Amino acid sequence: MKTYSFPKNFIWGTATSAHQTEGNNKNTDWWLFENNKKKNQEYPLEPSGIACDSYNRYKEDFDLAKKLNNNAIRISIEWARIEPEEGVFSEKEFKHYKEVLLYAKKLKLKTFVTLHHFTNPIWFFNEGGWLNLKSPFYFKRYAKECAIMLGDVVDMFITINEPQVYSTMAYTTGIWTPNKSNPILSLVVIINFIRSHIEAYNAIKSKRKSYQVGIVENIAHNQSDSNIIDKLAASILYFVNCDLFIWILRRHLDFIGVNYYFTNNVKRLKRKNPNNLVSDLGWWIHPQGLENVLLRLRKFGLSIYVTENGIADSKDLKRKEFVKDMLISCHNAIKQGVMLKGYFYWSLIDNFEWHHGFWPRFGLIEIDRNDNLKRRPRKSYFYYKKIALNNSFSVR
Ligand code: BGC
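Quick summary incoming for the structure in this document. As the structure is a prediction and not an experimental result, all values here were calculated from the model.

### A short note on the side chain of Glu291
- With respect to the secondary-structure elements, Glu291 resides in helix α11 (residues 287–297).
- Among buried Asp, Glu, Lys and Arg side chains, Glu291 stands out as unpaired, with Arg298 the closest opposite charge at 8.7 Å.
- Here Asn332 takes part through its side chain, which lies 3.1 Å from a polar atom of the side chain of Glu291.
- When neighbours within four sequence positions are excluded, Glu291 is seen to be in contact with Ser329, Asn332, Ala333 and Gln336.

### Remarks on the environment of Asn179
- For Asn179, the position within the fold is in the loop between α8 (163–171) and α9 (183–207).
- Exposure remark for Asn179: the relative accessible area of 37% places this residue in the partly exposed category.
- Considered as a pair, Asn179 and Phe33 are 146 residues apart in the sequence and their alpha carbons are 9.7 Å apart.
- Leave out the neighbours within four places in its chain, and Asn179 touches Phe33, Ala170 and Gly174.
- Of the polar contacts made by the side chain of Asn179, one reaches the backbone oxygen of Gly174; its length is 3.0 Å.
- Among the polar contacts listed, one links the side chain of Asn179 to the backbone oxygen of Ile175, at a separation of 3.4 Å.

### A short note on the site of the ligand
- Surrounding the ligand, one finds 14 residues, the nearest of these being Gln20, His117, Glu162, Glu308 and Glu353.
- Gln20 places a polar side-chain atom, nitrogen or oxygen, 2.8 Å from an oxygen atom of the ligand.
- Here an oxygen atom of the ligand and a side-chain polar atom of Glu353 are 2.5 Å apart.
- Alone, the ligand offers 310 Å² of accessible surface; in the complex the protein occludes 95% of this.

### Notes on the packing of aromatic side chains
- Counted according to the given criterion, the structure contains 43 aromatic pairs.
- When the ring of Trp30 is compared with that of Phe352, the centres are 6.4 Å apart and the planes differ by 85°; the resulting orientation is edge-to-face. Placement of Trp30 in helix α2 (residues 29–35) and of Phe352 in the loop between β12 (340–346) and β13 (365–368) is noted, with a sequence separation of 322 residues between them. Taken individually, Trp30 and Phe352 each receive the classification buried, so the pair is uniform in this respect.
- Counting every residue linked through ring pairs, the aromatic cluster contains Trp79, Trp123, Phe124, Trp130, Phe137, Tyr138, Phe139, Tyr142, Tyr166, Tyr171 and Phe193.
- Across the ring face of Tyr103, the terminal group of Lys59 is positioned such that the distance to the ring centre comes to 5.3 Å.
- Positioned above the aromatic ring of Trp247 is the side chain of Arg250, whose terminal nitrogen or guanidinium carbon lies 4.3 Å from the ring centre.

About the cut-offs
Residues numbered from 1 in each chain as written. Predicted model: local features only at pLDDT ≥ 70, side-chain atom pairs only at ≥ 80, totals over all residues. Heavy atoms only, no water. Helix = DSSP H or I, 4+ residues; strand = E, 2+ residues; numbered from the N terminus. Buried < 20%, exposed > 50% of the residue type's maximum accessible area, 1.4 Å probe, protein only. Lys, Arg positive; Asp, Glu negative; His and termini not counted. Salt bridge = Lys/Arg side-chain N within 4 Å of Asp/Glu carboxyl O. Polar contact = N/O pair within 3.5 Å; in protein donor to acceptor, adjacent residues only side chain to side chain. Contact = heavy atoms within 4.5 Å. Near = heavy atom within 4 Å. Areas by Shrake-Rupley, 256 points an atom, 1.4 Å probe, with all protein chains shown as cover. Phe/Tyr/Trp six-rings, centres within 6.5 Å; stacked < 30°, edge-to-face > 60°. Lys NZ or Arg CZ within 6 Å of the ring centre and 35° of its normal.

Right, here's the structure in full:
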């Protein structure tokens, strides 16, 4: 029997985002996208609609996070609600989010708050969204207002969730709105995201220097055991996806957030899973990849949080093993000097999985869409609960 113990004050949490859980997020570009499907348009498979109704049922969700013995929660707040028209901030919505975050604080859950998680206000979208050279100005103004209005109930600010994923899905593969297929546009978007993060970082810090501000990046491990070209492709991909972005931002980060889901195994310049250990979405389950990513980030000397790690597994058959193995990787990384301070499982509840709709089930808690969105903790919920309680787990 081997026991894996985590450092004192280790953060145990779960993550969600506004659009995926709140419901009726009508003032966003995603809402337009979902509700104006053209003939022959494949995605999104269904609209988000009421989602999980977490806008109203957040207390129920946070109570379940508390019962999970967690000491933190990661959520996002919705820019489109807070600034429904350009330059007009909604007192009502600030009040709402203040209540939400205060409730988390009351339960002694540390609050990790993302300001941008893929969705945009319609006015911003109509002005060209992240292609607009003024986007950093708009984002900074919003971030500053959030620091003023919510700073006292936010423990960790996360400016932007997964800039590369958004720019690729919306501007290169064209699957997400505005459905463009031009890598040059993706590059422009990335540059504007970088500028926006720096502006937002400075704006939040100008309100209070002690505010903690970071960014969240989706980092896959990239590897190849095939020919030299594949190996080269994997290393370039890894460098661009992981090191370059963080290196550019390193002076404007108090911490790094890593979302890890899978490893890209490159074969003949394509992603090819070496075995069929996969999630319901076909993503290769490779826990060593997480350890590799964490070790690669060690050189930046910053605190790191795994801000998302999870599996689409509707039958809950693989989730327990998945969590255990990923946490062994986290533990190994800590032992090798990585300043890993916390782990957030994605997700607390099943939610709207973007263009796929609701079928991929990532939740520790099932949302029964046929029974008034009833929350039903899965077996894996109780496994994670025990780990968080003991700050350790044992493996035979
Ligand atoms: C995103 C989440 C998403 C999850 C699973 C991450 O890339 O931040 O919004 O639900 O992956 O696909």
